[in-house]
Amino acid sequence: MELRKRYRLVALAGCLAFSFPVAAEEVGEVDVDWLGNDIIVESIADPKVKGVTCHVAYFERGVIDRLQKGNWFEDPSNNSIACRQVAEKVEIGDIELDEEGEHVFSQRQSLIWKSVRVTRIYDAKNKTLIYLAHAQQVQDGSAKMSISTVPLWSADVTWENGEPGQ
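Scope of this entry: the structure provided in the associated data block. In this text the structure is predicted, and so the values were computed from the model without any measurement.

So, the packing of aromatic side chains
Note on aromatic pairs: each is described by the distance of the centres and the angle between the planes. What the rule picks out here adds up to one aromatic pair. For the pair Y122 and W159, a centre-to-centre distance of 5.0 Å together with 70° between the ring planes defines the contact as edge-to-face. Linking Y122 in strand β8 (residues 114-123) with W159 in strand β11 (residues 156-159), this pair joins segments that are 37 residues apart in sequence. Using a relative accessible area of 8% as the deciding quantity, one classes Y122 as buried. With a relative accessible area of 16%, W159 lands in the buried category.

Some details on the sheet that holds strand β5 (residues 79-85)
With antiparallel pairing, four strands are arranged side by side in an open sheet as β1-β2-β4-β5. Each having just a single partner strand, β1 (25-31) and β5 make up the two edges of the open sheet. Between one strand axis and the next, the sheet turns by 15° as a mean value, whatever way the strands run. Note that strand β4 (residues 52-60) and β5 share seven bridges and pair antiparallel. Its bridge partner lying in β5, Y58 is registered against N79.

A few points about the pattern of salt bridges
This structure, assessed with the given rule, holds four salt bridges. A salt bridge links R120 to D46, with the nearest nitrogen and oxygen atoms 2.7 Å apart. Of this pair, R120 sits in strand β8 while D46 is found in the loop between β2 (38-45) and β3 (49-50), placing the two residues 74 residues apart along the sequence. D46 matches R120 in its accessibility class, with the two residues each being buried. Between K127 and E163 there is a salt bridge; the shortest N-O distance is 3.2 Å.

The rules behind these values
Residues numbered from 1 in each chain as written. Predicted model: local features only at pLDDT ≥ 70, side-chain atom pairs only at ≥ 80, totals over all residues. Heavy atoms only, no water. Phe/Tyr/Trp six-rings, centres within 6.5 Å; stacked < 30°, edge-to-face > 60°. Helix = DSSP H or I, 4+ residues; strand = E, 2+ residues; numbered from the N terminus. Buried < 20%, exposed > 50% of the residue type's maximum accessible area, 1.4 Å probe, protein only. Pairing = 2+ DSSP bridges. Axes fitted to C-alpha atoms, helices over the stretch in contact; angles between N-to-C directions. Salt bridge = Lys/Arg side-chain N within 4 Å of Asp/Glu carboxyl O.

This is how it looks when you write it as structure tokens:
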């Protein structure tokens, strides 16, 4: 087994206790240099909003890069996100409607201290779901973020608890 794959398995096993129940499915892996650095693209179905899927891209350092830089257990905070309606009907479950939103997904970028998170926020005035991909760190928070929106005003939408504001 390739050393990089072993690192992923060890990191995954070490972080299972901290993971959210949502699973991401890797749909792409693009080599960016000869050091083994890659951009990983994962598909994440929103567990509380059926019919919406997000694709998150993030940077994963290769073994040679980790050896050269001496930081074995951390990947950069860089990420990107795009979310779309992927079904004719959108079914919205019991989601958080406050301005802080709700965490949908988290992926570790270091063994303990850093993760990339996807947070869902609902903009009731514009009937839009907002998905924010951002780094979460214990200290020295990162300003690196990416945002994607899914407008609901033209979609066939049902709300588990009734549409907010109606």
